Amino acid sequence: MNQDDLKKLVAKAAIEYVVPDTIIGIGTGSTANHFIDFLADIKGRINGTVASSEASAERLRGHGIPVLDLNQVDEISVYIDGADEADPHLHLTKGGGGALTREKIVAAASKRFVCIADQSKVVDVLGNFPLPVEVIPMARSYVARELVKLGGNPVWREGFVTDNGNVILDVHGLTIVNPPELEARLNNIAGVVTNGLFALRPADVLLLGTEEGVKTITR
């Protein structure tokens with residue numbers, strides 16, 4: 001199986017975690033897109049969705065799946081999304097697609113977070129994948145200087161604007177041995193909206209697509 005086959009395999013397995021007659025949270029990216037496509041087959045079983053990006057919302061609506069604003073929703077039963085990296089503690093790096101802030105908000109509002117990924121995403125220590133940091137545009141240069149002080153090499157994702165109207169700095173060269181601590185530290189830099197570490201609120205379940213099938217890892 002190629003990488004896309006593994007993504008489809010794990011996306012299909014995630015359907016088992018959909019809670020009937022509830023609102024569910026939907027992530028962003030290629031693996032989440034496969035999940036949306038499978039969700040279309042059982043869309044009558046749920047009350048609606050909250051999407052973490054405009055792109056996912058458009059795909060959901062294309063399947064006739066209701067998309068709600070988070071402010072209209074009291075509770076999200078489960079959030080299902082992919083990751084760019086995952087460590088053994090289910091700390092994640094996310095945001096390669098630029099939707100990290102809304103992803104983090106929907107994850108925080110959900111009772112359970114199920115991460116779906118192929119086996120290439122699992123690492124012992126986070127940091128090989130550049131860490132996305134969403135930044136208020138006027139603060140880009142200042143935040144970049146602060147990130148350099150922390151040992152990172154920030155690169156402006158030129159030409160890209162988030163759904164929130166902000167910019168992204170992709171931070172290369174970090175070896176993230178304490179993800180919760182770094183997540184909090186980065187978020188305290190003035191001008192940072194949030195960063196792509198999901199460690200203070202990690203995944204509860206990691207469904208991993210492998211050549212041997214889907215492996216389930218829990219905290």
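Thresholds, definitions, all that
- Residues numbered from 1 in each chain as written.
- Predicted model: local features only at pLDDT ≥ 70, side-chain atom pairs only at ≥ 80, totals over all residues.
- Heavy atoms only, no water.
- Salt bridge = Lys/Arg side-chain N within 4 Å of Asp/Glu carboxyl O.
- Buried < 20%, exposed > 50% of the residue type's maximum accessible area, 1.4 Å probe, protein only.
- Helix = DSSP H or I, 4+ residues; strand = E, 2+ residues; numbered from the N terminus.
- Phe/Tyr/Trp six-rings, centres within 6.5 Å; stacked < 30°, edge-to-face > 60°.

(A) Local environment of the pattern of salt bridges. Taken as a whole, this structure holds eleven salt bridges when the rule is applied. We note a salt bridge from Lys94 to Glu103, for which the minimum N-O separation is 3.4 Å. Take Glu103: its relative accessible area is 3%, and that puts it in the buried class. Put simply, Arg157 and Asp170 hold a salt bridge, and the shortest N to O gap is 2.7 Å. Within this pair, whereas Arg157 is found in the loop between β8 (153-156) and β9 (167-172), its partner Asp170 is found in strand β9, the two being separated by 13 residues in sequence. Overall, the relative accessible area of 16% leaves Arg157 in the buried class. Linked by salt bridges that have partners in common, Asp81, Lys94 and Glu103 make up one network.

(B) Structural context of the packing of aromatic side chains. On inspection of all chains with the given rule, the structure shows two aromatic pairs. Summarising the aromatic geometry, the rings of Tyr79 and Phe113 are spaced 5.2 Å apart at their centres and angled 45 degrees between planes, so their arrangement reads as tilted. In this pair, Tyr79 is assigned in strand β3 (residues 78-81) and Phe113 in strand β6 (residues 113-118), connecting sequence segments 34 residues apart. Judged on exposure class, the residue Tyr79 and its partner Phe113 are both buried. Put simply, the rings of Tyr79, Phe113 and Phe198 pair up and form one aromatic cluster.

Limitation: the analysis is restricted to geometry and does not speak to function.
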